[in-house]
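# Coordinate inspection notes
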Amino acid sequence: MSESLCTLFYDGRPVTGPANVPLIDFLTAGGLTLPHVCYHPSLEPMQTCDVCWVEYLGELVRGCTLKSAEGMEITSRTEKAQAAQHEGMDRLLAKHELYCTVCEHNTGDCTLHNTMADMHIPIQRYEYQRKPYVKDHSNPFYTYDPDQCILCGRCVEACQNVEVNETLSIDYTMAHPRVLWDGGETIAGSSCVSCGHCVTVCPCNALLEKTMQPDAGPFTNIKQTLKRPMIDLVKAIENSTGAEIITGISVMDMHWRQPEIKRTKTVCTYCGVGCSFEMWTRDRHVLKVQPVADAPANGISTCVKGKFAWDFLNDKERLTTPLIRENDRFRKASWDEALELVARRLLQIRDQHGPQSIGFIGSSKASNEEAYLTQKIARLIIGTNSVDNSSRYCQNPATKGLFRTVGYGGDAGTIDDLQKAELVIIVGSNTAENHPVIASRLKAAKKHHGQKLLVVDPRRHEMAERADLYLRIRPSTDMVWASAMSRYLFDNGYADKAFLANHVNQVDEYRQSLAPFSLEFAAKTTGLSVEELTAAAELIGNAGSVCIVWAMGITQHSHGADTSTALSNLLLVTGNYGRPGTGGYPMRGHNNVQGASDFGCLKNYYPGYESVSDESVRAKWANAWGVEPERLSLEVGSDNFEMVEHARTRQIRAMYVIGEETAFSDADTTNVHEGFTDLDFLVVQDLFLSRTAQFADVVLPGCPSVEKEGTFVNTERRIQRFYEAMAPLGDSRPDWRILTDLAARMGHDWGYTHPSQIMAEAASIATIFAGVSYERLEGWNSQLWPVKPDGESTPLLYTDGFTFPDGRAVLYPLEWQPPAEAPDEEYDLALNNGRMLEHFQSTNQSGRGGRTMSLSPDWFVEISPQLAAERDLAEGDWVKLTSRRGSLEVPVVVTDRVAGGSLFISIHQGKPGINLLTGEHHDPVVNTPAYKELAVKLEKLSREPHPSPLPRHNFRYGKRTPITHVPVEAKWQRDDYTPPPAQEPHPEKF
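The model shown is predicted, which means the values in this text are computed figures rather than measured ones.

Okay, the nonpolar core next. Counting 163 residues, the largest nonpolar core has Leu454, Trp481, Tyr577 and Tyr656 as the members making the most contacts within it. For Tyr656, the residues in contact, after removing those within four places along its chain, are Val342, Leu346, Gly359, Phe360, Ile361, Val683, Gln685, Leu700, Ile738, Leu739 and Leu742. Ranked by size, the runner-up nonpolar core spans 51 residues in total, among them Val156, Val162, Trp181 and Leu837.

With that settled, consider the side chain of Ser558. Note on placement: Ser558 falls in the loop between helix H21 (552-555) and helix H22 (560-573). One polar contact links the side chain of Ser558 to the main-chain amide nitrogen of Ala820, over a distance of 3.1 Å. Those residues in contact with Ser558, other than ones at most four positions away along the chain, are Pro818, Pro819, Ala820, His922, Asp923, Pro924, Ala930 and Glu933.

For the rest of this paragraph, the subject is empty space enclosed by the protein. Going through the model one piece at a time under the given rule, you end up with 15 cavities of 30 Å³ or more. Size it by volume and the largest cavity reaches roughly 600 Å³. Forming the walls of the largest cavity are 42 residues, and the residues nearest its centre are Lys365, His590, Gly659, Glu660 and Gln841. When contributions to the lining of the largest cavity are tallied by element, the ones reaching two or more residues are helix H26 (662-665) and strand S26 (681-686). Across the lining of the largest cavity, the residue classes tally to 15 nonpolar, 19 polar and eight charged. Space inside the second largest cavity adds up to approximately 270 Å³. The wall of the second largest cavity is formed by 22 residues, among which Asp457, Gly553, Asn832, Asn833 and Lys932 lie closest to the centre. For the lining of the second largest cavity, the secondary-structure elements that each account for two or more residues are H21 and strand S32 (829-834).

Moving on, we come to the pattern of salt bridges. In this structure the tally under the stated criterion is 64 salt bridges. Residues Asp680 and Arg653 are paired through a salt bridge, measuring 3.2 Å at the closest nitrogen-oxygen approach. Taken together, the residues Asp680 in the loop between helix H27 (669-678) and S26 and Arg653 in the loop between helix H25 (640-648) and strand S25 (654-658) connect sequence positions 27 residues apart. Among the ionic pairs, Arg721 bridges to Glu709, the shortest N-O distance being 3.0 Å.

Attention now moves to a nonpolar patch on the surface. Together, Phe219, Ile245, Ile249, Met252 and Trp256 make up a nonpolar patch on the protein surface, roughly 480 Å² of accessible area in all. Along the polypeptide, Phe219 turns up in the loop between strand S9 (207-209) and helix H6 (224-241). The exposure class of Phe219 is partly exposed, given its relative accessible area of 35%.

Quick notes on the rules
Residues numbered from 1 in each chain as written. Predicted model: local features only at pLDDT ≥ 70, side-chain atom pairs only at ≥ 80, totals over all residues. Heavy atoms only, no water. Core = buried A, V, L, I, M, F, W, Y, C linked by side-chain atoms within 4.5 Å. Buried < 20%, exposed > 50% of the residue type's maximum accessible area, 1.4 Å probe, protein only. Contact = heavy atoms within 4.5 Å. Helix = DSSP H or I, 4+ residues; strand = E, 2+ residues; numbered from the N terminus. Polar contact = N/O pair within 3.5 Å; in protein donor to acceptor, adjacent residues only side chain to side chain. 1 Å grid on protein atoms, 1.4 Å probe; cavity = no way out; pocket = protein on both sides within 12 Å on 5 of 7 lines; lining within 4 Å. Points joined across faces, edges and corners; volume = space filled by probe spheres on them. Nonpolar A, V, L, I, M, F, W, Y, C, P; charged D, E, K, R; others polar. Salt bridge = Lys/Arg side-chain N within 4 Å of Asp/Glu carboxyl O. Patch = residues over 30% accessible without salt bridge, like charges linked within 9 Å, V, L, I, M, F, W, Y side chains within 5 Å. Areas by Shrake-Rupley, 256 points an atom, 1.4 Å probe, with all protein chains shown as cover.

Next comes the structure, spelled out in structure tokens:
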């Protein structure tokens, strides 16, 4: 949007506002309305609805095509313009059966209804005719009703050019045009990923959430046998009295519904993208999730989980009261009894065995404020730095690589920077499934702006399919590839010499360390050809701006910190830090895994990454907390990995685990369970009786984010507020309140009555949060750390130097070290593992209610066609996978997503799950388990084949139908199309 102003004349009235913005938005900002239906501010103009006609320069023009400019004279009230507007609306109503008072969508959000009411349409001029299609219920989350579809194309534009899943289309040449999924009539089995974009932008009830049906209003939950006669009766009345009386009733109904519907801004509870949206609730029923253009990370975008996977909120297995273990069984307890027991036992164990005998695991799904209290209890009350979070399992290697080279443990810029880059390199990240909204932004940048995409991954996922260059690398060899790129760029004149000279240390030492990393060595090690490697290096060297995206495919290895360092080194060699469209972007997996670390749930850092072993830092925090420095430990604590290990050796006697499924997620399940069994005392605070909670002595029922207030930090360091959409279920409590009450029982009554007070305390101490406040985070506002005292954010890091004393980055020399576990003669296959779009982690949340699970309910292993032929395996055959630690049985899916002896299995289904096979080999620098280094042998079983391990209705079988825009020209070119204001002989088709 341009910041220059202009004045135009609308119906003779001067209107002043920003120049070069869409006319409809310009008028809306000025308090004026131009009737429209197909236009949406987050979409390109589609020109399909024929409602927004105006006269401009003596011609009828669709208003959605105009942008504001100085001196424009536009009229909308001439006889010709109004006739065209009404004709356009009449044509829409010919395709849509009006039964608004009993329609679930008449909640104030129906563009068609609201525009029709504003235009005072006297009667439905064209007789409504049913289409020869049935309502599609085949998707578990939403329905499509062709009889209600007005063919505006909003859904198509959103799918093709915002989500860029490229599933939806409209064929205006059909005898009865309708929305198509991969060119067909059924949602199930198409490439639709259930992101919900289409439902969000639909201007009527043609696409509608199933959760809106039938309980959205006072008259909507009526059986069809009664509803149908009511509709027919109303239609008969309308034809005799005119539409406005009936419209008046529906407008009143719309207003009757408003007090019952609560709209609450919240932030998604799933991945680290940080999508925010409105949650519409009626009592405890989630009607829908409605994203808005003002959402800073996602705009109107969502994915299947953020849009639809909220059934867990009211699940019958939610914990609603504290539980205490007695005689190896749980009994219900009061909060007083439970908290008194926890306080007493923790203090007893501290006093008897010392502060280091207790470990805390904070939640990467809880709020920043709750992470802060977790580490405050550990450090101030217990006296230990043994506090950690799930970033140990995924992102600590990436953070270490950034600490080594550039100084901050977070993304270098924002999602906008990713979109601006000339080249995006995706390494070890299945972005389209793990961070789908960011993937949508990248797909859009590629489709519309020519962004180049280089993907390096053993598995051919969607982003690999879309890449300009895809390198199917041998697992665990990415450090070699990245270092070979750096050497090639130095050797061939692509290194940014000026940037290196002015901003980077250890350049000569680093370059000397690259001597072993020739293209020939890289080819031998990675399985790539010299030609492929050369093409990748040339792509990088010739790009004006580069971003690198990586995730667990890099970090979950025995040398993930080194590989992350190599990637950051590569960016420094090419000068790709500190400018728009540059930098390193390790994708954060959980909604607040970044915030949990930022706010101190790490063994070696206070909130804001201030070292626990620095005496001046300790003095600062002790002073802020009102204690003598000696009360706080200078000793680095134990992390997640070490806590479990130390539990088995009795060094750790008690643990407090908040919102983490450690018993499912930590490597080598057998050893983890032994460690938990050996603890003297275990407290678990969670929503469900998780696998971890089953080992507990006390279980405390916490609340999900929509039942409390707080803040999260997303993958781009963006801090956002979320608000309470509904009261806590039963006697469950917000985690910050539980921790505050527990601290009081342990002799530290901090008196917090709202999370804002906790944030204010953290911001007053930790330098990088200095200007963070709830007031500055109100509504859709956000802040990106580091935040200056005056509240100014830092969207792009390193614009004025790097986070080292001299302000210079560091090129960090590395040596190649092979993986700790690799295939051999006995365990001859590499079992890769990771997430799937429709599931999340242990499925404790996403798996509730059955809807997301229905997309892929069963566990399976992907094998290549080559391996299937070698081992005489067909789709659905059962196999036994055995590692050096355990075995499991699953059916096979034969797919070219994997190749050769590389397999893939999800981390979600099947409990105790994949960690029956994984081992305790880990990155020695950060203690992250090497989940991805998993060698197995495969044995075919003589069991009846599974009929459909990946159901045929799953989106992975779909075939996308890409188009550049809604093909409205095809409608205009039809012989039977007549432009408004003339009447149309076949309005039901257009």
